[in-house]
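Residue strings, one per chain:
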Amino acid sequence: MHDLGTLAHRLHHPPGTPCACPPPQLLADRPDGTVVRSGPVVAKAHAADSDREALAARLALASAPELTGILLPPLSTPDTPGTEGTAPRPITFWPYGVPVDPRDPDAAPWAEAAVLLARLHRTVPPPPPPLPPMRGPVKAARAVARMIAALPGDGAVLPVQAAWRALPAWARGEAAPPAPRSGFLCHGDLHLGQLVRHPAPDGPWLLIDVDDAGRGDPAWDLARPAAWYAAGVLAPQDWLLFLDAYRSAGGPAVPAEGDPWPQLDVPARALTVQTAAVALAKCAAEGRVPDEMEQLMIDSCARIATFPPELAAESAS
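A quick note: this is a predicted structure, and the numbers were derived from the prediction, not measured.

Student: Could you give me a rundown of the environment of Asp259, with the residues and numbers involved?
Tutor: Looking at the secondary structure, you find Asp259 in the loop between α7 (236–248) and α8 (261–286). The partly exposed category is assigned to Asp259, whose relative accessible area is 48%. For Asp259, the side chain forms a polar contact with the main-chain nitrogen of Trp261, separated by 2.9 Å.

Have a look at this one:
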C-alpha cells in the first residue's frame, strides 16, 4: 500500500513540492484490485493476471470523447513511466470522486445509474483499439470456482452449483452471447459502488472501474439490481425507479414497454449465482454463517435450480 500511495502522491505532486495531503488511504484491497487514495489522486493496482492489452483498450474507452460524462476518465494508462514492466500488477491512476454513501440507502442514485447505463449502451464503440468482450460471465464463473475451492465437498454449495449448471453456456462464460445482443457497449460489473461524484464533492455521477467493460449483452448491466429485486433484497420502488429511468433514457437492454424479464432472466440468474457464490466463499473465509441478505441470494439459487432446462434455453434466445 505504501508504494502505491507514494506513486499516487507523486503523480499530483512532483518531488520537492510541498503538500498538506493526509496520509495515503487504503480504499480496497482484493486480489483483483488494490485501491489507494492520496489526496485528489487514486491509484489502482490491477490483478496480477490482467490482460494488459485488454486493459489498455478499456482505458482508451474511458478516455474516449464519446464517453465524456458517462465514464470517469483516467489520469494515466499502464504506460505511465515507472509502472509498466516494473510492477507485478499493472497500475493506473484516477481522479478521486465521492462514492455512494452506504449509510444512506434512501439517497442511492438508482435513477442516475440507470441513465448512465442507457447512455453507455447507446454509445457506438469508439475506433480501435478494438474492445474485448465484456467480462461479466467470466467474473461469475470465477466466483463459482472460488466458492468450490473454499468449500470442497460441502453440501452448502450444491444449490448454487445446480443453479449455475442450469444457465446457458454464454452466461457461464463458455460461449458468445446470442449474436443480436452481443455488440453493445457494456460496463460488465454494475453496482452502486461503481458510481462516484466528480468533480468532488457534488459533481455529476459517473461510472468507474472499466476492468470488465467491453462488448456484450446490455441486460447484464441490469442484472444485479434485477436479481436483488427478485430475491427480495432490493425494494420494489427502487427497482421500478431504476427500470423506468433506464427505459425513459432509451436503454436498449429491455423493451420500452411490457415485460422486461425475457431479456433479464438469464443475466439475473447468473448474478444471483455469482452473489451467492461470493457470499459462501466469504463466509468460509471469515468462519461465519451467511447474514440475512446473503441467505436470501442463496435461497434464490435453490429456487433457480428447480427451473426446467427448457426455460434456460427459451430465456437465452
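That shown, we press on.
Student: Account for the sheet that holds strand β1 (residues 25–30), naming residues and giving values.
Tutor: An order of β1-β2-β3-β4 is seen for the 4 strands of this open sheet, with the pairing classed as antiparallel. Two strands lie at the open edges of the sheet, namely β1 and β4 (91–95), each paired on one side alone. Across this sheet, the average inter-strand angle for adjacent strands is 15°, counted without regard to direction.

Student: Residues and numbers for unusual backbone geometry, please.
Tutor: Trans peptide bonds make up the majority, and among non-glycine residues the majority have a negative phi. Following His198, the chain continues into Pro199 via a peptide bond in cis, with omega recorded as 0°. Following the sequence through the fold, Pro199 ends up in the loop between β7 (195–197) and β8 (205–207). Look at the link from Ala200 to Pro201: it is a cis peptide, with omega at 5°. Even without glycine at this site, Asp209 takes up a positive phi of about 65°. Looking at the secondary structure, you find Asp209 in the loop between β8 and β9 (214–216). Using a relative accessible area of 19% as the deciding quantity, one classes Asp209 as buried.

Student: Describe α8, naming the residues involved and giving the relevant values.
Tutor: The terminal C-alpha atoms of α8 lie 35 Å apart, and with 26 residues this matches the ideal 38 Å at 1.5 Å per residue to within 8%. Of all the bends found along α8, the most pronounced is centred on Pro267 and spans about 25°. Positive backbone phi, approximately 65°, marks Gly287, located one or two places after α8.

Student: For empty space enclosed by the protein, give the residues involved together with the corresponding values.
Tutor: All told, the structure shown has 1 cavity of 30 Å³ or more when counted by the stated rule. Roughly 50 Å³ of volume is contained in the largest cavity. Of all elements in the fold, only α4 (136–150), α6 (220–231) and α8 reach the threshold of two or more residues within the lining of the largest cavity. Element by element, the count of residues in the lining of the largest cavity is highest for α6, at 4 residues.

Student: So, the packing of helix α5 (residues 158–165) against α8: which residues are in play, and what are the values?
Tutor: The geometry of α5 relative to α8 is characterised by a closest axis approach of 10 Å and an angle of 155° between their N-to-C directions. Regarding the angle of α5 to α8, the classification is roughly antiparallel. Of the two possible hands of crossing, α5 and α8 adopt the one that is left-handed. Of α8, the residues touching α5 (which contributes Val160, Ala163 and Trp164) are Val273, Ala276, Ala277 and Leu280.

Student: Outline the pairing of β4, listing residues and values.
Tutor: Among the 5 residues in β4, 5 count as buried, and that is most of the element. The two faces of β4 match: Ile91, Phe93 and Pro95 on one face and Thr92 and Trp94 on the other face are all buried.

Conventions and cut-offs
Residues numbered from 1 in each chain as written. Predicted model: local features only at pLDDT ≥ 70, side-chain atom pairs only at ≥ 80, totals over all residues. Heavy atoms only, no water. Helix = DSSP H or I, 4+ residues; strand = E, 2+ residues; numbered from the N terminus. Buried < 20%, exposed > 50% of the residue type's maximum accessible area, 1.4 Å probe, protein only. Polar contact = N/O pair within 3.5 Å; in protein donor to acceptor, adjacent residues only side chain to side chain. Pairing = 2+ DSSP bridges. Axes fitted to C-alpha atoms, helices over the stretch in contact; angles between N-to-C directions. Expected span 1.5 Å × (residues − 1). Bend = angle between axes of the 7 residues up to and from the residue. 1 Å grid on protein atoms, 1.4 Å probe; cavity = no way out; pocket = protein on both sides within 12 Å on 5 of 7 lines; lining within 4 Å. Points joined across faces, edges and corners; volume = space filled by probe spheres on them. Parallel < 35°, antiparallel > 145°, perpendicular 65-115°, else oblique. Left-handed = near helix turned anticlockwise from the far one by under 90°. Contact = heavy atoms within 4.5 Å.

So, to be careful, I would describe these as geometric facts and stop short of saying anything about function.
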